[in-house]
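Given next are the chains, with one letter for each unit.
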Amino acid sequence: PLPPTRYKPPATETNPALEDPTPDYMNLLGMVFSMCGLMLKLKWCAWIAVYCSFISFANSRSSEDTKQMMSSFMLSISAVVMSYLQNPQPMSPPW
Amino acid sequence: MKNLYIFIAVLFIPWSFSLAKYDEFEDGDDIMEYDDNDFAEFEDVSEDTVTESPQRVITTEDDEEEATVEVEGQDENQEDFDDADTQEGDTESEPYDDEEFEGYEEKPDASHSKNKDPITIVNVPAHLQNSWESYYMEILMVTGLLAYIMNYIIGKNKNNRLAHAWFNTHRELLESNFALVGDDGTNKEATSTGKLNQENEHIYNLWCSGRVCCEGMLIQLKFLKRQDLLNVLARMMRPASDQVQIKVTMNDEDMDTYVFAVGTRKALVRLQKEMQDLSEFCSDKPKSGAKYGLPDSLAILSEMGEVTEGMMDAKMIHFLTHYADKIDSVQFSDQFSGPKLMQEEGQLTKLPETKKTLLFTFNVPGSGNTSPKDMESLLPLMSMVIYSIDKAKKFRLNREGKQKADKNRARVEENFLKLTHVQRQEAAQSRREEKKRAEKERIMNEEDPEKQRRLEEAALRREQKKLEKKQMKMKQIKVKAM
């Protein structure tokens, strides 16, 4: 039996903050690492920042702002580029 | 070739000491053409020696003979460079030193000993080498990034395929039962989009509505995060499976008041801790379902025995036994308000809103390595959902059960009120104080003195009345106590 149609779904998640904070954490981490890489001229910081921003992008919700993602991504890329311009030596492994 | 360059570099040092004055930099430049990188460092060295050597040059110039010999010495060395013969250079530098630096016995000795000591070959800095090998860490990093991107694309596509496979299998059943299948909330009218709503790269939603008894049904396909490489690696340690979560919101009149759950023991224990309604109404530990013929893996949480009896009819038991491996949890609740909210005590002044809901969580078989074909095996579970909706509508508690249920709910509400009593009192107190303050301000702001007086009198009268009331109450209580 197919009776009256109902209304549309409510904003499907009332509290999106409850679920999965990963993209936000990764975004923040990425920014922190890229600032460290830029200020302290540490190459490995800059590379980790790039990874963080990629992970944040992969985990992000579709409703999230792309501008935020792009800005963190650009920041991390610029950190890597600046570290290499200032010091073209290759990265040395920690061991 | 490398050895040659190194030798040339080493010889360049004493050569430049004596040649600074003679503008030898042009020759030096010629030689540098062989390999700019290698000699880049030594440009500085030669410049430094320019500043040092003037002393020497001046003293050596004292003797013209020495100067001429110098020139000869240079020519000899030049020939050496042209010939690119290492051995000759070594032998000829010795007489050169002895003849030239007569006054400087230490230095010739030093340079002499230099020739005897093993030549320390300085490592050319890595970034000046023309090889990619020194950048192996960077190459590793870039490879890692590429791997991540590849995994993202592959994972995203797989999740997409799984979701659409699920939808294609279930489409018919849903469309026959619901008038509205698929809605993303953007249209003004309620029209079926017939498509899944993608929330994430691993979460897909579907809203179905338009059926007797229920307001609507929200289906969430919660896949594993195949698009995130870190997650993929973590899953290798700890296997997990995709989940399908179905939440049916019932109409108020279509469901009686009870709380009931059945599922795997682990899931029930977790839900009992997390869910507000299960923790409040189902205080016992999950009981084994063996009494009703369910497999051992499943357990039951219920508000009262009567509910369990009512729910566990033949068809339900059939469903549960056959698909026990796919069922994670099934929860029927009229007091559903989601997971317990972690709020500070001060904020909790009202009970959270409750809705009559049926909540189903199914595990997709395959434990992570699912293929689109596995989605077909979930179809009978959807039939179970539809059956449960109808059952929930039909099932009614008898009088005793209803009384018990009402008592339970009253008890829960009372507990809640007690907990928040203090907070509510404080809130009321602060509200009263605010009112008083507002009144006083009004009186103060009143310019007309007459009005001021009148308002003050009115306030005084009100206060007196309140005091009287309180005294009356106290008297009454005293009388009652007596």
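Residues numbered from 1 in each chain as written. Chains lettered and ligands numbered in written order. Predicted model: local features only at pLDDT ≥ 70, side-chain atom pairs only at ≥ 80, totals over all residues. Heavy atoms only, no water.

## Overview of a positive patch on the surface
All names here are of chain B. Under the convention used in this document: Like charges within 9 Å and nonpolar side chains (Val, Leu, Ile, Met, Phe, Trp, Tyr) within 5 Å are joined into patches, using only residues over 30% in relative accessible area that form no salt bridge. Where accessible areas are quoted, they stem from the Shrake-Rupley method and a 1.4 Å probe; at the residue level, only the protein chains shown are allowed to cover. Any carboxyl oxygen of Asp or Glu within 4 Å of a side-chain nitrogen of Lys or Arg constitutes a salt bridge here. In this charge count, Lys and Arg are treated as positive and Asp and Glu as negative; neither His nor the chain ends contribute. For the purpose of locating charges, the reference atoms are NZ of Lys, CZ of Arg, CG of Asp and CD of Glu. A helix here means a DSSP run of H or I that spans at least four residues, while a strand means a run of E at least two residues long, and both kinds are numbered starting from the N terminus. Only protein chains enter the accessibility calculation, which uses a 1.4 Å probe; a residue whose area is less than 20% of its type maximum is buried, one above 50% is exposed, and one in between is partly exposed.
Judged by side-chain charge, Arg 431, Arg 432, Lys 435, Lys 436, Lys 440, Arg 461, Lys 465, Lys 466, Lys 469, Lys 470 and Lys 473 come together as a positively charged surface patch. Those elements giving two or more residues to the positive patch turn out to be α14 (399-445) and α15 (449-481). Broken down by element, the positive patch gets its largest block of residues, six residues, from α15. Relative to the assigned elements, Lys 470 resides in helix α15. Residue classification places Lys 470 among the exposed residues on the basis of a relative accessible area of 61%.

## What about the pairing of strand β9 (residues 327-336) of chain B?
Residues and elements named next belong to chain B. Basically, it comes down to this: A pair of strands counts as paired when DSSP detects no fewer than two bridges linking them.
Within β9, nine of the 10 residues are buried, which leaves the element mostly enclosed by the surrounding structure. One ladder, built from five bridges, connects strand β6 (residues 259-264) with β9; its direction is antiparallel. Each bridged residue has a counterpart across the sheet, and for Val 262 the counterpart in β9 is Val 330. As paired strands, β9 and strand β10 (residues 355-363) are joined by seven bridges and run antiparallel to one another. Within β10, the position partnered with Ser 333 by the bridge is Thr 357.

## A short note on the packing of α14 of chain B against α15 of chain B
Residue and element names in this part refer to chain B. Under the convention used in this document: Helix axes use the C-alpha atoms of the stretch in contact, all axes being lines fitted to C-alpha atoms, and the angles between their N-to-C directions lie in the range 0 to 180 degrees. Throughout this description, any angle smaller than 35 degrees is read as roughly parallel, any larger than 145 degrees as roughly antiparallel, any in the 65 to 115 degree range as roughly perpendicular, and the remainder as oblique. A crossing counts as left-handed when the near helix is turned anticlockwise from the far one by less than a right angle, and as right-handed when that turn is clockwise. Contact definition: two residues touch when any of their heavy atoms are within 4.5 Å. Each residue gets one label: Ala, Val, Leu, Ile, Met, Phe, Trp, Tyr, Cys and Pro are nonpolar, Asp, Glu, Lys and Arg are charged, and the others, such as Gly, are polar.
The N-to-C vectors of α14 and α15 enclose an angle of 155 degrees; their axes lie 9 Å apart at closest approach. Viewed along their axes, α14 and α15 adopt a mutual orientation that is roughly antiparallel. For α14 against α15, the interelement crossing comes out left-handed. Taken together, the residues of α15 that come into contact with α14 (itself represented by Lys 436, Glu 439, Ile 443 and Met 444) are Gln 452, Leu 455, Glu 456, Ala 459, Arg 462 and Glu 463. Its residues assigned to classes, the contact of α14 with α15 comprises four nonpolar, one polar and five charged.

## With respect to empty space enclosed by the protein
All names here are of chain B. Note the threshold: A cavity here means a set of 1 Å grid points, computed over protein atoms only, where a 1.4 Å probe fits but cannot escape. A pocket is an open set with protein on both sides within 12 Å along at least 5 of 7 lines, and lining residues have an atom within 4 Å of a point. Grid points are joined across faces, edges and corners, and a volume is the space filled by probe spheres set on the points.
Following the criterion strictly, the structure yields three cavities of 30 Å³ or more and no others. In this structure, the second largest cavity spans a volume of roughly 40 Å³. The wall of the second largest cavity is formed by Trp 166, His 170, Val 244, Ile 246, Phe 362, Leu 378, Leu 381 and Met 382. Put simply, the parts of the chain that give the lining of the second largest cavity at least two residues each are α7 (136-177), β5 (243-250) and α13 (379-394). Its residues assigned to classes, the lining of the second largest cavity comprises seven nonpolar, one polar and no charged.

## As for the side chain of Asn 59 of chain A
Here is the rule we go by: Throughout this description, a polar contact denotes any pair of N or O atoms lying within 3.5 Å of each other; where both atoms belong to protein, one of them has to be capable of donating a hydrogen while the other can accept it, and for residues adjacent in sequence the pair is counted only when both atoms sit in side chains.
With respect to the helices and strands, the residue Asn 59 of chain A is situated in helix α2 (residues 43-59). Within the local environment of Asn 59 of chain A, its side chain forms a polar contact with the side chain of Lys 225 of chain B, the two groups lying 3.2 Å apart. Polar contacts involving the side chain of Asn 59 of chain A include one to the side chain of Asp 228 of chain B, which spans 3.1 Å. Apart from the residues lying within four places of it in its own chain, the contact partners of Asn 59 of chain A are Thr 22 and Pro 23 of chain A together with Asn 200, Lys 225, Gln 227 and Asp 228 of chain B.

## Describing a nonpolar patch on the surface
A cluster of nonpolar residues, Ile 77, Val 81, Met 82 and Leu 85 of chain A, forms a patch on the protein surface that exposes about 350 Å² of accessible area. By secondary structure assignment, the location of Val 81 of chain A is in helix α3 (residues 66-86).

## Some remarks on the packing of aromatic side chains
Residues and elements named next belong to chain B. Formally: Pairs were defined over the aromatic rings of Phe, Tyr and Trp, the Trp ring being its six-membered one, requiring ring centres within 6.5 Å. Orientation was assigned from the angle between planes: stacked under 30 degrees, edge-to-face over 60, tilted for the rest.
For the structure on display, the rule yields 11 aromatic pairs over all chains. Centre to centre, the rings of Phe 260 and Phe 332 are 6.0 Å apart; their planes meet at 50 degrees, and the pair counts as tilted. With Phe 260 in strand β6 and Phe 332 in strand β9, this residue pair connects regions lying 72 residues apart in the sequence. We note that Phe 260, like Phe 332, is buried. When the centroid spacing of 6.0 Å and the interplanar angle of 65 degrees are considered together, the rings of Phe 332 and Phe 360 count as edge-to-face. Taken together, the residues span a long stretch of sequence, with Phe 332 in strand β9 and Phe 360 in strand β10 at a distance of 28 residues.

## Things to note about the state of the cysteines
Residue and element names in this part refer to chain A. For clarity, the cut-off: Defined by distance alone, a disulfide is two cysteine sulfur atoms within 2.5 Å.
Considering all chains together, one arrives at zero disulfides over all chains under this definition. Free of any disulfide, Cys 36 has its nearest neighbouring cysteine sulfur in Cys 45, separated by 4.8 Å. Cys 36 sits in the partly exposed class, given a relative accessible area of 28%. Judged by its relative accessible area of 3%, Cys 45 falls in the buried class.

## Brief notes about α7 of chain B
Spelled out, the test is: The span one expects for a helix is its residue count, reduced by one, times 1.5 Å. Here the bend at a residue means the angle between the axes of two seven-residue stretches, the one that ends at it and the one that starts at it.
Relative to the 62 Å expected for 42 residues at 1.5 Å per residue, α7 of chain B spans 60 Å between its end C-alpha atoms, a close match to the ideal helical length. Roughly 50 degrees is the biggest bend found in α7 of chain B, and it falls at His 170 of chain B.

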